[in-house]
Amino acid sequence: MKKKIIAFLCAFSLAAGVFAGCGQNQEQTAQTSGVSDEKVQEGLQESTKDEVIVTMPTTSEPESGFDPAYGWGAGEHVHEPLIQSTLTVTNQDLEIGLDLATDYHVSEDGLTWTVTIRDDVKFTDGEPLTAEDVAFTYNNCKEKSSVNDFTMLEEAVATDNTTVEFRMTRPYSIWPYTMAVVGIVPEHAYDENYGQNPIGSGRYIMKQWDRGQQVIFEANPEYYGEAPKMKKVTVLFMEEDAALAAAMSGQVDVAHTAASYSDQQIEGYELFRVDTVDNRGFNLPCVEPQEKDGITYGNAFTADVRVRRAINIGIDRQEMIDNVLNGYGTAAYSVCDKMPWYNEDCEVAYDPEEAVRILEEAGWKEGSDGIREKDGVKAEFTLMFSTGDSVRQALAEDTANQLRELGICVTTEGVGWDVAYDRAQSDPLMWGWGAHTPMELYNIYHTLSDSGIGMAGYSPYANEAVDQYMDQALAAGSLEESYELWKKAQWDGTTGITQEGDIPWIWLCNVDHLYFVRDGLQIADQKIHPHGHGWSIINNVDQWNWE
Amino acid sequence: MKFFNRRQRMMIGIFFSIAFLVIVCVLGNLNTEAARVTDFSRKNLAPCSSYIFGTDWLGRDMLARTLKGLSMSILIGVVSAAVSAVVALVLGIAAATLGKTADSIISFVIDLIMGVPHILLLILISVALGKGLKGVVIGVALTHWPSLARLIRAEVIQLKESPYIQISAKLGKSRWYIARKHMLPHLLPQFLVGLVLLFPHAILHESSVTFLGFGLSTEQPAIGIILSEAMKYLVTGKWWLALFPGILLVVTVIMFYVLGESLRKLLDPNSVHQ
């Protein structure tokens, strides 16, 4: 009995101690949280001057760091590299302006680009930026880059302190667009860890990078151009739902968001939309099925050009934008809408009767189940979309619904990118494209003689005339000349990739980039955003200001 | 409860759970088409009289999707649990009858697989087989047999010592004959119960692996897909997308559990006459 009493007492005192401890802790946390609240308040007041917090999708975080050779700025999603400066820049109208370069010109044969650069630019470590650094940057990109194509570059050579020569393997008239996204790195401070500790001469210095969470940029006090108005830029990486929650709790100034959240009202925030060339569309393989190396190329149904034409005018793009994007988008008719090299002949009007007429004329007759068929081939295909992308899934579903009206049976299927590229050679896939360079047209429509079945890389298609125009465009003497040729590649009056031409891809819409922006923050005018809902928004963060 | 004795209550439990599962399966398969139809004119509707589970952002009827998803889950559960059970039975009996070496090898494999968390192994197998229905079924089947195999092995070892088996062996009957004629009938009740109790595990694991994105493809109305899609819209207040499918998943799992427990009580000689 005695033992039991002692045990009980022990237990009691222990428990009392534990609870007492709890009480203290709670008080402490209450106190500290009070303090931090005040700090947050102060922080908010300060942030109304020259700081901004922006969210981006987690996929925007550069995995290999802020190194142009591994895709920073010059990767799949092009944007201005902020930390480094570039030789040229793209202007508001997406033509070329100058940054580091003071002048550039190309030789008659198109094989040598000579660029002179400013002599007053210093890296943030105090060393001057010379033509040597420029040459080093480009040679390094050529050697290492796996995300961007530098095969047209033979080598870059610094001929004196402020002149650099790019020797090309083939004429490449749109080289200034490449120069607009490759940030110049310092040769003396470049090693394999450069991506983690980037040094540049750009508007901002990378202060801190917490992998998987945030990057903090501070304005470069020595910047040679106009001093950035925003002194500190914090980028947080999170999913759309987390960004929405962060905006709701007032933790961020700019939160990226999707059309499906656009109907949310957040107090103190306004929805901000940016025009884009971030398009969605699907490929239609243009040849009869054939197999090579285990991959099927072509599709028996979409090989008929009249089928592709009927699909192109049989889709009501506006209905799709209203339904899927809540109206936040514009109809797309090409991979490069609104770009200087866009040919307006790509545009078509929605005309379901004409679509049906074309199908009837081509011999695709409706069967007993309402699905058309011709010579035993059913009017059907599988439309794939990348798993987990709700916008592409919705577009695919809506396409299926709309084409069903024409008597075409479309089944949708979610696939991973590991198999999508190969399967897209025979089945349509919902893609997203859009970049600030005409090279995109080349990548999609130009044939590649040494890969696959010698047709265009992403979906079987070949047209000699289109190829020729694009080759001529690359060999053109000036950008203006090349724009005309890029336009002709789309439609020259007799052939091309438009409705009257071969129409190997159907473009549906350009997805507006949407952001919740805190009241009082003035976001500077945005260029048309390319594909990728990430870094483009802060291309000109240096010019933002608080009211 | 006073109106029925325990046995009757068990029978009622079995009846209800089987009825529920059959109804879900039948309705699910009747709704195959409805579960996939998208209609943007009715998107994001809260539960109402025509769509009692509401609709999602593609205007799909959540009731049809939930039922189809559950019936797919049940199908996957049944197939993979059955395969698991057969593997368990064969290996369990083999371990116990084939002698020391076979026993230690099989025991080692059982321990090895039980040592790795189910979900991890399941994800590995599913991804290696290219995901999809095949990946999930094979994944679940290959990960769920060890516990049942161990149970059967223990039972067989116990049986081997019992007099009638010993006598049978002394009489010169072959091992195969003994296993088939004497052991199997004895093991069957336990085996059946174990099989039924594997279903809820299999279903939950199927939905979790799909939820995590390593299972069925996203255009299919699987319950894991429904739940993971719903996660994105919870923040905008669309509670119905996750609530009803979630509840029905839990109910389905409980029904299988009730079925298994009731069967066990009815088949177990110790409790059958209570």
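Look up a bit, the structure's there.
Below or above, wherever it landed, is the structure these notes cover. This one's a predicted model, so the numbers in the text were calculated from it and none came from an experiment. (Residues numbered from 1 in each chain as written. Chains lettered and ligands numbered in written order. Predicted model: local features only at pLDDT ≥ 70, side-chain atom pairs only at ≥ 80, totals over all residues.)

**Some words on the overall build of chain A**
Here comes step 1: When its secondary structure is counted, chain A shows twelve helices and 26 strands.
Here comes step 2: Projected onto the principal axes, the alpha-carbon positions of chain A cover approximately 100 × 75 × 50 Å.
Here comes step 3: Residue burial in chain A is summarised as follows: out of 547 residues, 48% are buried.
Here comes step 4: Long-range pairs, those at least 24 residues apart, make up 69% of the contacts in chain A with a sequence separation of at least 6. (Helix = DSSP H or I, 4+ residues; strand = E, 2+ residues; numbered from the N terminus. Buried ≥ 20, exposed ≤ 12 C-beta atoms within 10 Å, placed from the backbone. Contact = placed C-beta atoms within 7 Å.)

**A short note on the sheet that holds strand S4 (residues 101–106) of chain A**
Residue and element names in this part refer to chain A.
Here comes step 1: Overall, antiparallel pairing links the four strands, which are arranged S4-S5-S7-S6 in an open sheet. Pairing within the sheet leaves two strands with one partner each, and these edge strands are S4 and strand S6 (153–160). Averaged over all adjacent pairs, the angle separating strand axes in this sheet is 20°, with direction ignored.
Here comes step 2: Bridge count between strand S5 (residues 112–117) and strand S7 (residues 163–168): five bridges; the pairing is antiparallel. Across the sheet, Thr 114 pairs through a bridge with Glu 165, a residue of S7.
Here comes step 3: Helix H2 (residues 131–144) contacts S5, S6 and S7 of the sheet and is inclined by roughly 170° relative to S6. (Pairing = 2+ DSSP bridges. Axes fitted to C-alpha atoms, helices over the stretch in contact; angles between N-to-C directions.)

**Considering the nonpolar core**
Here comes step 1: Counting residues in each nonpolar core, the largest one holds 218 residues, and the members touching the most others are Val52(A), Val54(A), Val134(A), Val233(A), Met430(A), Leu441(A) and Ile152(B).
Here comes step 2: For this core, the element with the highest residue contribution is helix H2 (residues 62–97) of chain B, accounting for 15 residues.
Here comes step 3: Residues in contact with Val52(A), not counting those within four places in the same chain, are Met230(A), Val233(A), Asp253(A), Val254(A), Leu521(A), Val541(A) and Trp544(A). (Core = buried A, V, L, I, M, F, W, Y, C linked by C-beta atoms within 7 Å.)

**What to know about the interface of chain B and chain A**
Here comes step 1: Facing eleven residues of chain B, the contacting portion of chain A comprises 18 residues.
Here comes step 2: Here the side of chain B that touches chain A is built from residues that sort into four nonpolar, five polar and two charged. (Nonpolar A, V, L, I, M, F, W, Y, C, P; charged D, E, K, R; others polar.)

**Side note on the packing of helix H8 (residues 223–234) of chain B against helix H9 (residues 240–267) of chain B**
All names here are of chain B.
Here comes step 1: For the pair H8 and H9, interaxial distance at closest approach is 8 Å and the crossing angle is 150°. One way to sum up the angle between H8 and H9 is to call them roughly antiparallel. As H8 runs across H9, the sense of the crossing is left-handed. Residues Ile 223, Ile 226, Leu 227, Ala 230, Tyr 233 and Leu 234 of H8 form the contact with H9, whose participating residues are Leu 241, Ala 242, Pro 245, Gly 246 and Leu 249.
Here comes step 2: A per-class count over the contact of H8 with H9 returns ten nonpolar, one polar and no charged. (Parallel < 35°, antiparallel > 145°, perpendicular 65-115°, else oblique. Left-handed = near helix turned anticlockwise from the far one by under 90°.)

**Focus on unusual backbone geometry**
All names here are of chain A.
Here comes step 1: Its identity is not glycine, yet Leu 82 carries a phi of approximately 60°, on the positive side.
Here comes step 2: Residue position: Leu 82 is located in the loop between strand S1 (51–56) and strand S2 (88–90).
Here comes step 3: Even without being a glycine, Lys 338 presents a positive backbone phi close to 70°.
Here comes step 4: Note that Lys 338 resides in the loop between strand S16 (329–331) and helix H7 (352–361).
Here comes step 5: C-beta crowding within 10 Å serves as the criterion here: with 16 such atoms nearby, Lys 338 is assigned to the partly exposed category.

**Section: the sheet that holds S16(A)**
All names here are of chain A.
Here comes step 1: Strand order in the open sheet formed by four strands is S16-S23-S13-S22, and the pairing between neighbours is antiparallel. Each edge of the sheet is formed by a strand with only one pairing partner; in this case those strands are S16 and strand S22 (430–433). Each neighbouring strand pair of the sheet contributes to a mean axis angle of 30°, computed without reference to strand direction.
Here comes step 2: Bridging between strand S13 (residues 279–283) and S22 involves four bridges; their strand directions are antiparallel. In the sheet register, Asn 279 faces S22, and the bridge partner there is Trp 433.

**Some thoughts on the environment of Phe244(B)**
Here comes step 1: In this structure, Phe244(B) sits in helix H9.
Here comes step 2: Once you skip the residues sitting within four places of it in the chain, Phe244(B) turns out to touch Phe53(B), Met62(B) and Thr66(B).

**Looking at the environment of Ser145(A)**
All names here are of chain A.
Here comes step 1: For Ser 145, the position within the fold is in the loop between H2 and S6.
Here comes step 2: Judged by the 20 C-beta atoms lying within 10 Å of it, Ser 145 is buried.
Here comes step 3: C-alpha separation for the pair Ser 145 and Pro 68, spaced 77 residues apart in sequence, amounts to 8.1 Å.

**Re the packing of helix H4 (residues 118–128) of chain B against helix H7 (residues 175–211) of chain B**
All names here are of chain B.
Here comes step 1: Viewed as axis vectors pointing N to C, H4 and H7 meet at an angle of 60°, and their least axial separation amounts to 10 Å. By the angle between their directions, the pair H4 and H7 is classed as oblique. The hand of the H4/H7 crossing is right-handed. From H4, His 118, Ile 119, Leu 122, Ile 123 and Ser 126 reach across to H7, where they touch His 205, Ser 208 and Val 209.
Here comes step 2: Here the contact of H4 with H7 is composed, by residue class, of four nonpolar, four polar and no charged.

Just distances and angles here, no functional claims.
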